[in-house]
Amino acid sequence: MKAALGMGKTFAGLGPGIVDHQVASLTEESLAAIGSGDSRERALLLARLGVNVYWSRDREHALQLGREAVEIARRIGDIATLVAVFNLRQWMLWGPANLEQRLAIATEMVSLARQAKDWDALFRAHRERVWSLLEMGEIHEVDIEIAAIENLAQSVGSLYGDLERFRVMRALMRGELDDAEQWLQRLLAIAQQHNDRSLLFSYTGQLGVLLGERGRGAELSPLLSGTSSEMPQLPVVRMAMAVLYARTNRLAQARVEFEYLAVDNFGVIPDDWNWLGTIALLAEVCVKIGDLDRAPILYRLLAPYAGRSATLGYGDVYYNCVSHYLAMLSTTLGELDRARRQFESALRFNRRMGAGVALAYTQVAYARMLLQCPGADERTQALELLQTARYTAESIGLKGLLAEVEKAGEDATAPATVEITHATDRKETASFCREGDVWTLSWGKDTVHIHHMKGMQAIAHLLGRPERAIHIVELAEILDGNGFDSNSARRDASPKIASIATADAGPVLDGEAKQAYRSRLRDLRLELEEAESMNDSGRNELISAEIDFLEAELVRAVGLGGRDRRAASVSERIRVRVTNAIRSAIARVEENQPAIGHHLKVSIRTGTFCSYSPDPGVAPEWRL
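Please read all numbers here as calculations on a predicted model, not as lab measurements.

K.L.:
Sorry, what's going on with the overall build of the protein chain here?
P.N.:
Helix and strand counts for the protein chain come out as 30 helices and 9 strands. Considering only residue pairs separated by 6 or more positions, the protein chain has 62% of its internal contacts joining residues 24 or more positions apart. Accessible surface for the protein chain amounts to roughly 27600 Å². Of this, 51% is attributable to carbon and sulfur atoms.

K.L.:
Even after reading the chapter, I still don't get the sheet that holds strand β6 (residues 470–471), so can you show me in this structure?
P.N.:
In space, the 3 strands of this open sheet follow the order β6-β8-β7, with antiparallel pairing throughout. Of all the strands in the sheet, the pair left with one neighbour each is β6 and β7 (604–605). Here β6 runs beside strand β8 (residues 609–612); their pairing, made up of 2 bridges, is antiparallel. Directly across from Ile470, in β8, lies its bridge partner Cys610.

K.L.:
Help me understand the nonpolar core in this model?
P.N.:
Counting 80 residues, the largest nonpolar core has Phe258, Phe266 and Leu302 as its most contacted members. No other element matches helix α16 (residues 275–289), which puts 10 residues into this core. Residues contacting Phe266, with those up to four places away along its chain left out, are Phe258, Leu261, Ile279, Leu282, Arg294, Ile297, Leu298 and Leu301.

K.L.:
Any chance you could explain the sheet that holds strand β4 (residues 438–443) here in plain terms?
P.N.:
Strand pairing within a sheet occurs via backbone hydrogen bonds; the two strands may be parallel or antiparallel. Ordered in space as β5-β4-β3-β9, the 4 strands form an open sheet in which the pairing is mixed. Among the strands making up the open sheet, the edge pair consists of β5 (446–451) and β9 (621–623). On average, each strand axis in the sheet is tilted by 15 degrees relative to the strand beside it, whichever way the strands run. Bridge count between strand β3 (residues 429–435) and β4: 6 bridges; the pairing is antiparallel.

K.L.:
Explanation requested: the pairing of strand β2 (residues 317–321) in the structure shown.
P.N.:
Taking burial as the measure, the 5 residues of β2 include 4 buried ones, the bulk of the element. Where strand β1 (residues 309–312) and β2 come together, 4 bridges link them in antiparallel fashion. Within β2, the residue paired with Ala310 across the bridge is Asn320. Connecting β1 to the next strand, β2, in antiparallel fashion are 4 residues, including Gly313 with a positive phi near 65 degrees.

K.L.:
What's the story with the packing of helix α5 (residues 79–92) against helix α6 (residues 99–116) in this structure? I'm lost.
P.N.:
Each packed pair of helices is defined by two parameters, the angle between the axes and the distance between the axes. Between α5 and α6, whose axes approach to 9 Å, the crossing angle comes to 150 degrees. By the angle class used here, α5 and α6 are roughly antiparallel. The two elements α5 and α6 cross, and the hand of that crossing is left-handed. On the side of α5, the interface is formed by Ile79, Leu82, Val83, Phe86, Asn87, Arg89 and Gln90, while α6 contributes Gln101, Arg102, Ile105, Ala106, Glu108, Met109, Leu112, Ala113, Gln115 and Ala116.

K.L.:
I tried to follow helix α30 (residues 594–603) on my own but got confused; where do I start?
P.N.:
Think of an α-helix as turning once every 3.6 residues; residues three or four places apart then point the same way. Within the sequence span of α30, burial applies to Ile596, Gly597, His599, Leu600 and Ser603. Angular distribution of buried residues about the axis of α30 spans 165 degrees; they occupy a single face of the element. Between the side-chain oxygen of the N-cap and the backbone nitrogen of Ile596 there are 3.1 Å, and the N-cap of α30 in question is Gln593.

K.L.:
Sorry if this is basic, but what is going on with the environment of Ala80 here?
P.N.:
Tracing the backbone through its elements, the reader meets Ala80 in helix α5. Residues Ala80 and Ala116 lie 36 residues apart in sequence; the distance between their C-alpha atoms is 6.1 Å.

K.L.:
Which parts of the structure should I look at to understand α6?
P.N.:
Here α6 is 18 residues long and its end C-alpha atoms lie 25 Å apart, about the 26 Å a rise of 1.5 Å per residue gives. Those residues of α6 lying buried are Leu99, Arg102, Leu103, Ile105, Ala106, Met109, Val110, Leu112 and Ala113. Those residues of α6 that are buried lie in contact with α5 and α7 (119–136). Of the residues flanking the end of α6, it is Lys117, one or two places downstream, whose phi is positive at about 55 degrees.

K.L.:
It is not clear to me how the packing of aromatic side chains should be interpreted in this structure. Could you clarify?
P.N.:
Aromatic ring pairs: the centre-centre distance and the angle between the two ring planes describe each pair. If you walk through the whole model with that rule in mind, you get 8 aromatic pairs. For the ring pair Trp275 and Tyr305, a centre distance of 6.0 Å and an interplane angle of 75 degrees mean the geometry is edge-to-face. Linking Trp275 in helix α16 with Tyr305 in the loop between α17 (295–302) and β1, this pair joins segments that are 30 residues apart in sequence. For the pair Trp275 and Tyr305, a shared accessibility class is recorded, and that class is buried. Taken together, the ring pairs connect Phe432, Trp439, Trp443 and Trp622 into an aromatic cluster.

K.L.:
Any chance you could explain the pattern of salt bridges here in plain terms?
P.N.:
Across all of its chains, the model carries 28 salt bridges by this definition. For Arg129, the salt bridge identified is with Glu145, shortest N-O distance 2.9 Å. Here Arg129 is found in helix α7, whereas its partner Glu145 is found in helix α8 (residues 139–156), with 16 residues between them in sequence. There is no split in this pair, since Arg129 and Glu145 are both buried. Of the charged contacts in the structure, one is a salt bridge between Asp178 and Arg214, with a shortest N-O distance of 2.9 Å.

K.L.:
Can you walk me through unusual backbone geometry in this structure?
P.N.:
Peptide bonds are mostly trans, and most non-glycine residues show a negative phi. One non-glycine residue, Asp264, lies in positive phi territory at about 55 degrees. Structurally, the position occupied by Asp264 is in helix α15 (residues 263–266). Among the residues examined, Asp264 registers a relative accessible area of 63% and is labelled exposed. Non-glycine residue Asn265 carries a positive phi angle of around 55 degrees. With a relative accessible area of 49%, Asn265 lands in the partly exposed category.

K.L.:
I tried to follow the side chain of Asn274 on my own but got confused; where do I start?
P.N.:
With respect to the secondary-structure elements, Asn274 resides in the loop between α15 and α16. Asn274 has contacts with Val236, Leu312 and Gly313, leaving out every residue within four places of it along the chain.

Conventions we followed
Residues numbered from 1 in each chain as written. Predicted model: local features only at pLDDT ≥ 70, side-chain atom pairs only at ≥ 80, totals over all residues. Heavy atoms only, no water. Helix = DSSP H or I, 4+ residues; strand = E, 2+ residues; numbered from the N terminus. Contact = heavy atoms within 4.5 Å. Areas by Shrake-Rupley, 256 points an atom, 1.4 Å probe, with all protein chains shown as cover. Pairing = 2+ DSSP bridges. Core = buried A, V, L, I, M, F, W, Y, C linked by side-chain atoms within 4.5 Å. Buried < 20%, exposed > 50% of the residue type's maximum accessible area, 1.4 Å probe, protein only. Axes fitted to C-alpha atoms, helices over the stretch in contact; angles between N-to-C directions. Parallel < 35°, antiparallel > 145°, perpendicular 65-115°, else oblique. Left-handed = near helix turned anticlockwise from the far one by under 90°. Arc of directions from axis to C-beta. Polar contact = N/O pair within 3.5 Å; in protein donor to acceptor, adjacent residues only side chain to side chain. Expected span 1.5 Å × (residues − 1). Phe/Tyr/Trp six-rings, centres within 6.5 Å; stacked < 30°, edge-to-face > 60°. Salt bridge = Lys/Arg side-chain N within 4 Å of Asp/Glu carboxyl O.

Function cannot be read off these values alone, since they describe shape.
Next up, the structure:
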C-alpha cells in the first residue's frame, strides 16, 4: 500500500496524458487488501487510482472514484486527508464544464489547508484559484491570489515555480517582454533544479509566446518538435504545431496537423485543462486555412464559453477571450453582424483584463472583418483599429503583432494615413456642456439634462484632454472649486502635487517589521508542531490565532512583485475622493444616457493619475 501511495506523486505519475499501469495495478491490489471500510488509506488510494484512470478513456469511472474518495474523507472527518483527496480530484475535474465546481473546491482547500497547517496544500489551493479565476476573467482576483502565493513563499521559503510562471503570464498579457524573459529564466532554473517535467512544459509554452512576439517564431519549430516527440499523447502539442505553421503561412503543413485533431469532430482532444485553449486556437487555424466545414463545429464547441478566457496549461498563458475566436469564426461563416457584436464584446473583455496584447490582436481581426463590409464607415473604422494596433506594436516592440497589422493593411487599397485623416473629419460629435447647475449631454439623436454633481466637472476636464495623464490633485482642485476654470485649476494644483507626493505615511509595514513577522511565523510553526505532538489544544489554538493574524498583516502590507503597500496618506485620501466622485457621476450619466455612460465607463482610467483613453474607433468629437 505504501508503494501505491508513494509512486507517481505528481498528478500524472509518468507524465501528463500517460496511464501509469504499474501504479494502477499496485493501487487496485492495495484497495482489495484493506477492504471496503472507511479509512484514510482507502480515500487516498481511490483518489490516486482515479487520477490514473483519468488519463484513460474511462473518464466517468475516474470521476466516480474521485467522488467516493471525497465522501470517505468527509465521513472520517480528517482534514489532511480531505485536502489531499481534493487536490487529486481537481485534475479529474479540470475541464471548462466544471469551472464553478473547481473554484469552489479550491476555495474550500484554502480554508482546510490553513486549518491543517499544510503549507504545501495551501500553495496548491491558491494556485488552483488563480487558474479558475483567470479562466473566468476575474483579473483583479487573480492578482490577489498571486500576491498571496508570493507572501506565502517568502514566509515558508518554498519554491515551486508557480510564482515565476504567473509573473510570466501577467507580463506577457501586458506586453512587457523584457520582464517576461527575466521571469522565464528563473522558471527554467527551478524546473531544471527539480527536474520538473510539468514546469518545463509550461516554460516551453510561455517561451513560445515570447519568441513569437519577438519575431523569432522560426525558433519554435525544434522546441515543439522535441516536445511532440517526448509527449506524443498530448493533442495540445499538435495544436501548437498547427498554429505555428498557420502563422508562418505554411498552410499545407497547418492543415495536416489540423486534420489530425479534427477526427470525430475534435473528439480526440481530451476534456481537460488544455481543452478550451486548444479549441480556441484551432479556431484561428481553421480561419487561416479556410475550412468552412469545420468552422461551424468549432463554433458550436466554443459558444457555451463566450464569457471565458482562452488559456492553456495551469494559467500559463492568456491568449485572448473566447469571444475573439467566436468572432473570427463568425467572420469566416459570413455572419458579419454577429461577428461585430462578438468583436465589440472581445474589446471590452480585454480592456477589463488589462490585456494590451490580446486587445491589439482583436483590433486587427476586427479590422479584417470590417474591410469585408461595403460601407465607407466600416472601412474608416477598420483603418483606425489598425492604426491603434500598430501604435501598440511599435511602442512596446511586438514584432509578431506588427506583422499581423501589416498583413491586414495589405487588404486596404488606399494608404491608411489618407483614410484616417479623412475619417477624423467625419467623426461623430457629442456634447458634455454645463450651463449653471445643469449639464446637457448628447450623442446621436438623444439629448438629456442632468443636475450638476462634482464629478461631472472632473469628467469634462478629462474629455478635453484625451490620452493625457491628469494628477488627482488637479482634479481635486476642480471638485473643490465653484467655477470651472481648468487652466487656473492646473496652475493652483502644480505646487501642491509636489508637496502631497512627499506627504506619504510610509509602508504599512517597514522592512524590519516584515522580517520580524516572518521570523516569528517560522518560530510559531515550530511551536505549533510541538503543541500538536503534545495534544495541547489550548496552546494550539493560541498559536494558530497568532499565525492567522501575522499572515493577514503580511498580505495587507505586501502587494504584487513584493512591493510595499503604502499606508493611507494625503495622496491616497484624495485619490479615493476623486475616484468616487468620477464613478458616481458616470453612474448618473449611464442612468440617463446609456451610450455616453458606457463609453465613459470603459474609457476613463482612475488612479493617482486619471485619463480619458478612448478607443479611437468609437470616440466622438466632444463639444464641452
